[in-house]
Amino acid sequence: MPILLFLIDTSASMNQRTDLGTSYLDIAKGAVELFLKLRARDPASRGDRYMLVTYDEPPYCIKAGWKENHATFMSELKNLQASGLTTLGQALRSSFDLLNLNRLISGIDNYGQGRNPFFLEPSILITITDGNKLTSTAGIQEELHLPLNSPLPGSELTKEPFRWDQRLFALVLRLPGLASTEPEQLGSVPTDESAITQMCEVTGGRSYCVRTQRMLNQCLESLVQKVQSGVVINFEKTGPDPLPIGEDGFMDSSRPSSSFAAQPWHSCHKLIYVRPNSKTGVPVGHWPIPESFWPDQNLPSLPPRTSHPIVRFSCVDCEPMVIDKLPFDKYELEPSPLTQYILERKSPHTCWQVFVTSSGKYNELGYPFGYLKASTTLTCVNLFVMPYNYPVLLPLLDDLFKVHKLKPNLKWRQAFDNYLKTLPPYYLLPLKKALRMMGAPNLISDNLDCGLSYSVISYLKKLSQQTKLESERILASVGKKPPQEIGIKVKNHSGGGVSLTHSKNFRKLLKEIIGETVPRLTELNTKEFAGFQVGLLNKDLKPQTYRNAYDIPRRGLLDQLTRMRSNLLKTHKFIVGQDEDSLHSVPVAQMGNYQEYLKTLASPLREIDPDQPKRLHTFGNPFKQDKKGMMIDEADEFVAGPQNKVKRPGEPNSPLSSKRRRNVTVIHDVHEEKTENGQTPPDGFLSKSAAPELMNMAGDGVPPNQSDSLSDDFISLRKDGLIPKPGGNALVGGTKNCSISVNDQKVSVTSTLGAVPNTLQITPAMAQGINADIKHQLMKEVRKFGRKYERIFILLEGVQGPLAVKKQFVEFTIKEAARFKRRVLIQYLEKVLEKIDSHYLLNNVNHINSRSSC
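Residues numbered from 1 in each chain as written. Predicted model: local features only at pLDDT ≥ 70, side-chain atom pairs only at ≥ 80, totals over all residues. Heavy atoms only, no water.

**Notes on the sheet that holds strand 15 (residues 381-385)**
Threshold: By definition, two strands form a pair when at least two bridges between them are found by DSSP. The numbering of helices and of strands both runs from the N terminus, where a helix is a DSSP run of H or I of at least 4 residues and a strand a run of E of at least 2. A fitted line through C-alpha atoms represents every axis, and for helices the fit uses only the stretch in contact; the resulting angles, taken between N-to-C directions, go from 0 to 180 degrees.
Taken together, seven strands build a closed barrel; the order of strands is 9-10-12-15-14-13-11 and the barrel is mixed. Sheet twist, expressed as the mean angle between neighbouring strand axes with direction ignored, is 35°. Across five bridges, the pairing between strand 14 (residues 370-374) and strand 15 is antiparallel. Considered in strand 15, the bridge of G370 is made with V385.

Pasting the structure below:
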């Protein structure tokens, strides 16, 4: 399971802008997102673990660690802000400590017991920085220094802060602020010249000097290929160089070898690939790489080991040794000058033995534990790890099986015991397992000794327990914000009674102001004000615009200092409604994430009528085709205009379905009614304002024999009414009477201002109840989806009372329609409102004329 840790430079210098107008921090965020997309192409990325660390003070620098999921990682990445110093050394130390948090608990490093390449946590640390000077509270640093002290127990067991399965890669942004006129150079991306380059090379990684966006994409493609499971080893040559190979493939002793000149292949710092098992998915191995010391019971403590083992190879050609059923480990070397040199020799049937200095008890160089050999196809070089001092063991095992037939004699046992004396104690257990796999008799005692003293073993157990506590503390602090500045308080030192005018510095400053002396820069003496602290007197101070410092009264100096700090750090918004910069720095991949935006909104109030279908949003998804509950954008319909649709029999708007709703219905008999002076009665405004398709689709309680006369009446109403014409938005008029049918009893309501017919007199209490019910029905009808407004106009027809009451109901309906953005309905209602106002004015004029004539 590879671990990908991103160390993002969040110093203030990352706010600088490129020629495209984007800041370095925005480019860093985009680079991380692009890397994740490129990495997702590999099926092996499903097991990746992502961590995020910044330049903040530890432990607040850890934004996403071992327990945080991918969503938390992306959220913290999006919310990063650039402020502070370029504390690269401290950030790297915190990153490595985070990676090493559980290694001592799991025993993956196996201190004092050999190095197992198949016990690993492959980690890639990618840092993105601007390559500027390293700054800290102590000043500017010319070199990169990692803090020596680490809060992690057991860190003293390794000389370096990193491990052999952890590599550092750096993307150093050097993008210009102005567009370059020179053509972009193609080719490989060079390394950077900043201080982090050397650190990358020490871990087995490298740095990239990024000058263009294309180079950044090229670097990310390269980094994706670097995510490999393996460990870094230092290969160093020991002894003389090999004889050159002639054209015939044999040694050419006549050609001198350059044994005294340093060659690139003499020392290589490269990775060996540790492939996972195809069945289990995890690496499987048998033999460790020996330690650089001999474990002894008398050792009071373990000597610190280097992160990368130093493996020395001898250039003496040897024959590769292997016997049946004896397990061995095979690791491919990363391409390097060493692999290139071995492949150029074209000798796949010979090998070079490898050693670890001081690994043996009686030999300074140690005994060989494996060999380097080119593949038979000469495509790669492999490291074969065998049992320690395998040139002695393999002949013994071969004789055991072929000569002694698994029944060794005394001479063989003595030779085998002498071999065990040269074997480090931690090799006994894997050798015992290998012999059991081969079917050999039990030749090694069951009482195995690891070779470590009791004090060392106790110390390692104690470190494991301490690491658990420290791990819990660090993991608990992940995601927490650093504490805010509580302010500094000023101690009162004015008790001495010395006047400020007697101060030498003050009198000198006055002379410089009035021009008597030439002002000169003086160094700040920090010891002079060692006891002073500046504090916040009022935490509720609001920021102000910039003022002249000399206009501030003495009693307001401390409060103004707080405002100045607020202005400098931009912790407040000066403009009402001003958004945070982070709201306008959303990556393109997150711009359509409407679900995350909905989570930040307050919970909506419950619906007035829970029986109504819920409004479905279609934001950002053009493929939602839920025709039953999909919300219609009426703005588009208003542009397109109303369209005539052919009604099918049996639909809710057809006369056939209207027969089913005759128990309680509102019946409209449309007819043309004129007054004596040729004007339309004022109470007939609603029927004139209704669209013909609305009136046709009403169908509530219209008997079948009236459908033909209804359409004829509509034709006559088109002459001077407010009925909208097909395909347009113009309104024409018409009138009608209204009768209410309740339990087969009709109550007629005329549309004139005259007296109510004698069939039933509507009292004010009845009118108030009818209007209250109509108002409730109007609220429900406006909320409904679609463009079926006929019911709304029918309800408005039934409003009881004078013209002012009808006007109030129309205005109320307009407000409700505005809440739900019913723009077409609002246009219709506004036309109705204009008609009401014109009738109201006409009635007033007629009333005044009738009074004057009297």
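**A few points about the confidence of the model for the protein chain**
Quick reminder of the rule: In predicted models, pLDDT denotes the confidence assigned by the predictor to each residue on a 0 to 100 scale. By definition in these notes, contact holds between two residues if any of their heavy atoms fall within 4.5 Å.
Model confidence for the protein chain is summarised by a mean pLDDT of 75, while 69% of its residues fall at 70 or above. Every residue in residues 625-759 is under pLDDT 50, and counting partners more than four places away or in other chains gives 226 contacts.

**Focus: the nonpolar core**
What counts is decided by this rule: Throughout this description, the term nonpolar core refers to a set of buried Ala, Val, Leu, Ile, Met, Phe, Trp, Tyr and Cys residues connected via side-chain atoms within 4.5 Å. Relative accessibility under 20% of the residue-type maximum defines a buried residue, over 50% an exposed one, and the middle range a partly exposed one, all with a 1.4 Å probe and only protein chains included.
Grouped together as the largest cluster of nonpolar side chains are 56 residues, with contacts concentrated most on F235, F416 and L431. With six residues, helix 8 (residues 390-402) is the single largest residue contributor to this core. Formed by 38 residues, the second largest nonpolar core is a distinct cluster that contains F6, L25, L52 and I128.

**Here we look at the packing of aromatic side chains**
For clarity, the cut-off: Aromatic rings from Phe, Tyr and Trp, taking only the six-membered ring of Trp, are treated as a pair when their centres fall within 6.5 Å; an angle between ring planes under 30 degrees marks them as stacked, one over 60 as edge-to-face, and anything in between as tilted. Our definition puts a charge over a ring when NZ of Lys or CZ of Arg is within 6 Å of the ring centre and also within 35 degrees of the ring normal.
The tally for this structure, following the rule as stated, stands at 20 aromatic pairs. With centroids separated by 5.1 Å and ring planes inclined at 25°, the aromatic side chains of Y371 and F384 adopt a geometry described as stacked. Of the two residues, Y371 sits in strand 14 while F384 sits in strand 15, which places them 13 residues apart along the sequence. Each residue in the set F6, F35, Y50 and F73 is aromatic and connected to the rest through ring pairs, giving one cluster. Just above the ring of Y208 sits the side chain of R206; from NZ or CZ to the centre is 4.0 Å. Directly above the ring of F812 sits K775, whose terminal nitrogen or CZ lies 4.8 Å from the centroid.

**A closer look at the state of the cysteines**
Inclusion rule: Note on terminology: pairs of cysteine sulfur atoms within 2.5 Å are recorded as disulfides.
Under the defined criterion, the tally for this structure stands at zero disulfides. With no disulfide of its own, C318 lies closest to C351 among cysteine sulfurs, the gap being 5.4 Å.

**Concerning the sheet that holds strand 2 (residues 49-53)**
Read across the open sheet, the six strands follow the order 3-2-1-4-7-8; overall the sheet is mixed. Only two strands of the sheet have a single partner each, and these edge strands are strand 3 (62-64) and strand 8 (207-210). Strand-to-strand twist in this sheet, taken as the mean axis angle between neighbours without regard to direction, amounts to 20°. In the packing of helix 2 (residues 70-78) onto the sheet, contacts are made with strand 1 (3-8), strand 2 and strand 3, and the angle to strand 2 comes to roughly 30°. Against the sheet, helix 3 (residues 88-99) touches strand 1, strand 2, strand 3, strand 4 (123-129) and strand 7 (166-173), its axis set at about 160° to strand 1.

**What about unusual backbone geometry?**
Note on backbone geometry: most residues besides glycine have negative phi, and most peptide bonds are trans. Here the bond from P58 into P59 is cis, since omega is 5°, no more than 30 degrees from zero. Within the secondary structure layout, P59 lies in the loop between strand 2 and strand 3. Phi is positive for N389, close to 55°, though the residue is something other than glycine. Within the element layout of this structure, N389 appears in the loop between strand 15 and helix 8. Backbone geometry at L406 places phi at a positive 70°, although glycine is not the residue there. Turning to its location among the elements, L406 is positioned in the loop between helix 8 and helix 9 (410-421). For L406, a relative accessible area of 32% corresponds to the partly exposed category.

**Topic: the environment of E236**
Worth spelling out the cut-off: Residues adjacent in sequence count toward polar contacts only when both atoms are side-chain atoms; beyond that, a polar contact is any pair of N or O atoms within 3.5 Å, and within protein one must be able to donate a hydrogen and the other to accept it.
With respect to the secondary-structure elements, E236 resides in strand 9 (residues 230-238). In sequence terms E236 and F355 are 119 residues apart; their C-alpha atoms lie 9.9 Å from each other. Here R312 takes part through its side chain, which lies 3.2 Å from a polar atom of the side chain of E236.

**Quick notes on the pattern of salt bridges**
For clarity, the cut-off: Basic side-chain nitrogens of Lys or Arg form a salt bridge, by our definition, when they fall within 4 Å of a carboxyl oxygen of Asp or Glu.
Summed over all chains, the structure comprises 18 salt bridges. D317 serves as the salt-bridge partner of R345, at 3.6 Å between the closest nitrogen and oxygen. Of the two residues, R345 sits in helix 7 (residues 337-345) while D317 sits in the loop between strand 11 (310-314) and strand 12 (329-333), which places them 28 residues apart along the sequence. Residue D317 is classed as partly exposed on the basis of its relative accessible area, which comes to 28%. A salt bridge links K784 to E781; its shortest N-O distance comes to 3.2 Å. Residue K784 is classed as partly exposed on the basis of its relative accessible area, which comes to 37%. What you see here is one network of salt bridges that share partners, running through R103, D109, E121, R163 and D165.

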